[in-house]
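Now for the letters of each chain:
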Amino acid sequence: MTTTPASKRLRILGIDPGLRRTGFGLIDVQGTQLHYVASGTIVAPADQPLPARLKVIFDGLRQIIEQSQPTEAALEKVFVNVNPQSTLLLGQARGAALCGLADGGLQVHEYTALQIKKAVAGTGRAAKSQIQEMVQYLLRLSGAPASDAADALACAICHAHSAPLTQLLGQQIGGSGGGAPRQRRGRLSM
């Protein structure tokens, strides 16, 4: 995310990837103000073969990007699950989402579930209901969004809060010849 004049719109598309339900959430950012734009879920029919389901995710994101014109994207990183098969399938859904975002020409920023929960609820152990309530509060919504959409909006909020600091640190460190910071386990490191 770059520092922009107050008049320039920054629209972040957050994605919570899933093989059956991929959540998406759009927010506009102006200074420190967050504004809800839209959210929802791309549903891939469970009775379809895997390639067809991945295409539903890809095509759904392509349509959302065309209609909403986001300037950046934030995506939740996959964690390693107890069940390797589930992790592999989730990774394929995430890959379809990454391809859809790249196809739309968006710069993609990735965050762990821990980073997202900390940015939105203040703790990495927040329950889904807490994330929904905090997203509702932060975006001044009349009701709590559905779980997948709330997770995607939380991802976009995380990016809105994290990116300016990361950019500022990169400028500070980069200007002194130290190189840009990297994120490791949710923390910045040199």
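Up top is the structure.
Given the structure is predicted, the values throughout are model-derived calculations rather than measurements. (Residues numbered from 1 in each chain as written. Predicted model: local features only at pLDDT ≥ 70, side-chain atom pairs only at ≥ 80, totals over all residues. Heavy atoms only, no water.)

Novice: Before we go on, may I ask you to explain the pattern of salt bridges in this structure?
Specialist: Opposite charge on two side chains makes pairing possible when the charged atoms of those side chains draw close. Following the criterion strictly, the structure yields six salt bridges and no others. Here aspartate 28 makes a salt bridge to arginine 11, at a shortest N to O gap of 2.6 Å. Here the residue aspartate 28 occupies a position in strand β2 (residues 21–30), and arginine 11 occupies one in strand β1 (residues 10–16), the gap between them amounting to 17 residues. Among the ionic pairs, arginine 94 bridges to glutamate 110, the shortest N-O distance being 1.9 Å. In this pair, arginine 94 is assigned in helix α2 (residues 84–103) and glutamate 110 in strand β5 (residues 107–111), connecting sequence segments 16 residues apart. (Salt bridge = Lys/Arg side-chain N within 4 Å of Asp/Glu carboxyl O. Helix = DSSP H or I, 4+ residues; strand = E, 2+ residues; numbered from the N terminus.)

Novice: Please clarify how helix α1 (residues 50–68) should be interpreted in this entry.
Specialist: It helps to recall that an α-helix has 3.6 residues per turn; residues three or four apart then point in one direction. An ideal rise of 1.5 Å per residue puts 27 Å on 19 residues; α1 measures up with 27 Å between its terminal C-alpha atoms. Tucked inside the fold, the buried residues of α1 contact β1, β2, β3 (33–43) and α2. Note on α1: the residue one or two positions beyond its end, glutamine 69, has a positive phi of about 50°. (Expected span 1.5 Å × (residues − 1). Contact = heavy atoms within 4.5 Å.)

Novice: Help me understand the nonpolar core, please; the structure alone is not making it clear to me.
Specialist: The nonpolar side chains of a soluble globular protein tend to be buried, and buried together. Ranked by internal contacts, the top residues of the largest apolar core, which has 21 residues, are Ile12, Ile27, Val29, Leu34, Val135, Leu139 and Ile157. Secondary-structure elements contributing two or more residues to this core are β1, β2, α3 (113–121), α4 (128–138) and α5 (147–175). Ranked by residue count, the leading element in this core is α5, at seven residues. Sequence-distant contacts of isoleucine 12, defined by excluding residues within four places in its chain, comprise Gly25, Leu26, Ile27, Val29, Glu72, Ala74, Ala156, His159 and Ala160. The next biggest cluster of nonpolar side chains, apart from the first, holds 18 residues, and it includes Leu26, Ala73, Leu75 and Leu106. (Core = buried A, V, L, I, M, F, W, Y, C linked by side-chain atoms within 4.5 Å. Buried < 20%, exposed > 50% of the residue type's maximum accessible area, 1.4 Å probe, protein only.)

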